[in-house]
Amino acid sequence: MQENTRVAVISIIAESTENIELLNKTLHEYSDYIIGRMGIPYKQKGINIISIAVDAPQDIISALAGKIGRIDKITTKTTFSNH
């Protein structure tokens, strides 16, 4: 990865599966920055919980989180490391 990058975790809750394809397309656009991904289907609540670990410049992380947050029925929060 480049210098001046930060490690962050983008937490995503998808309340419906109707926009998962758009979410996956968006994540693919930023795949060079993604360290790992974990998805947990929570059938009892009918949601999907997804964590994306990234290493990227802060503006790239913010752009990715913003794009994800604009997808209907998907919410997101980002937590940054101190390094």
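Counting of residues starts from 1 at the beginning of each chain's written sequence and follows it residue by residue. This being a predicted model, a pLDDT of at least 70 is required before a residue's local features are given, and a value of 80 or more before pairs of side-chain atoms are given or counted; all residues contribute to the totals for chains, interfaces and linings. Think of the side-chain values as coming from all heavy atoms in the structure, minus any hydrogens and water.

The helix and strand labels rest on DSSP assignments: H or I over at least four residues marks a helix, E over at least two residues marks a strand, and numbering proceeds from the N terminus. Working rule for helices: expected span equals 1.5 Å times residues minus one. Helix length check: helix α2 (residues 58–69) (12 residues) gives 16 Å between terminal C-alpha atoms against 16 Å at 1.5 Å per residue, within 8%. Buried within α2 we find Ile61, Leu64, Ala65 and Ile68. Buried residues of α2 fall within an arc of 95° about the axis and therefore sit on the same side. By definition, residues are in contact when any of their heavy atoms lie within 4.5 Å. Elements that come into contact with the buried residues of α2 comprise β1 (6–14), α1 (20–29), β3 (47–56) and β4 (74–80). Residue burial is assigned from relative accessible area. The probe radius is 1.4 Å, only protein chains are included, and a residue is buried under 20% of its type maximum, exposed over 50%, and partly exposed in between. Along the arc lie the directions from the helix axis toward the C-beta atoms.

Once that is clear, we can look at the side chain of aspartate 55. Inspection of the secondary structure assignment puts aspartate 55 in strand β3. Arginine 6 provides the closest opposite charge to the buried, unpaired aspartate 55, separated from it by 8.8 Å. Under the rule applied, a polar contact is a pair of N or O atoms within 3.5 Å (in protein, one hydrogen donor and one hydrogen acceptor; residues adjacent in sequence only if both atoms are side-chain atoms). Here threonine 5 takes part through its side chain, which lies 2.6 Å from a polar atom of the side chain of aspartate 55. For the purpose of charge, His is not counted, nor are the chain termini; Lys and Arg are scored as positive and Asp and Glu as negative. A pair is scored as a salt bridge if a Lys or Arg side-chain nitrogen falls within 4 Å of a carboxyl oxygen belonging to Asp or Glu.

Here the focus is the sheet that holds β1. Here we have four strands laid out as an open sheet, ordered β2-β3-β1-β4, and antiparallel in their pairing. Strands with a single pairing partner mark the edges of an open sheet, and in this sheet they are β2 (34–42) and β4. In this sheet, adjacent strand axes meet at a mean angle of 15° when their direction is disregarded. Whether two strands pair depends on DSSP finding at least two bridges between them. Judged from the seven bridges that link them, β1 and β4 form a sheet pairing that is antiparallel. Note that in β4 the partner of serine 11 across the bridge is lysine 77. Its contacts with the sheet place α1 against β1, β2, β3 and β4, and it is angled at close to 165° to β2. Orientation is described by lines fitted to C-alpha atoms, with helices fitted over the stretch in contact, and by angles between N-to-C directions that extend from 0 to 180 degrees. The strands touched by α2 within the sheet are β1, β3 and β4, with β4 carrying the most contacts at an inclination of about 160°.

This part takes up the pattern of salt bridges. This model, assessed by the stated rule, comprises two salt bridges. With a shortest N-O distance of 3.5 Å, glutamate 18 and lysine 73 are connected by a salt bridge. Placement of the pair is glutamate 18 in the loop between β1 and α1 and lysine 73 in the loop between α2 and β4, with a sequence separation of 55 residues. By relative accessible area, which is 49% here, glutamate 18 ends up partly exposed. Here lysine 73 falls in the partly exposed class, since its relative accessible area comes to 42%. The residue lysine 67 makes a salt bridge to glutamate 29 at a minimum N-O spacing of 3.4 Å. Note that lysine 67 is positioned in helix α2 and glutamate 29 in helix α1, a separation of 38 residues in sequence. Given a relative accessible area of 34%, lysine 67 falls into the partly exposed group.

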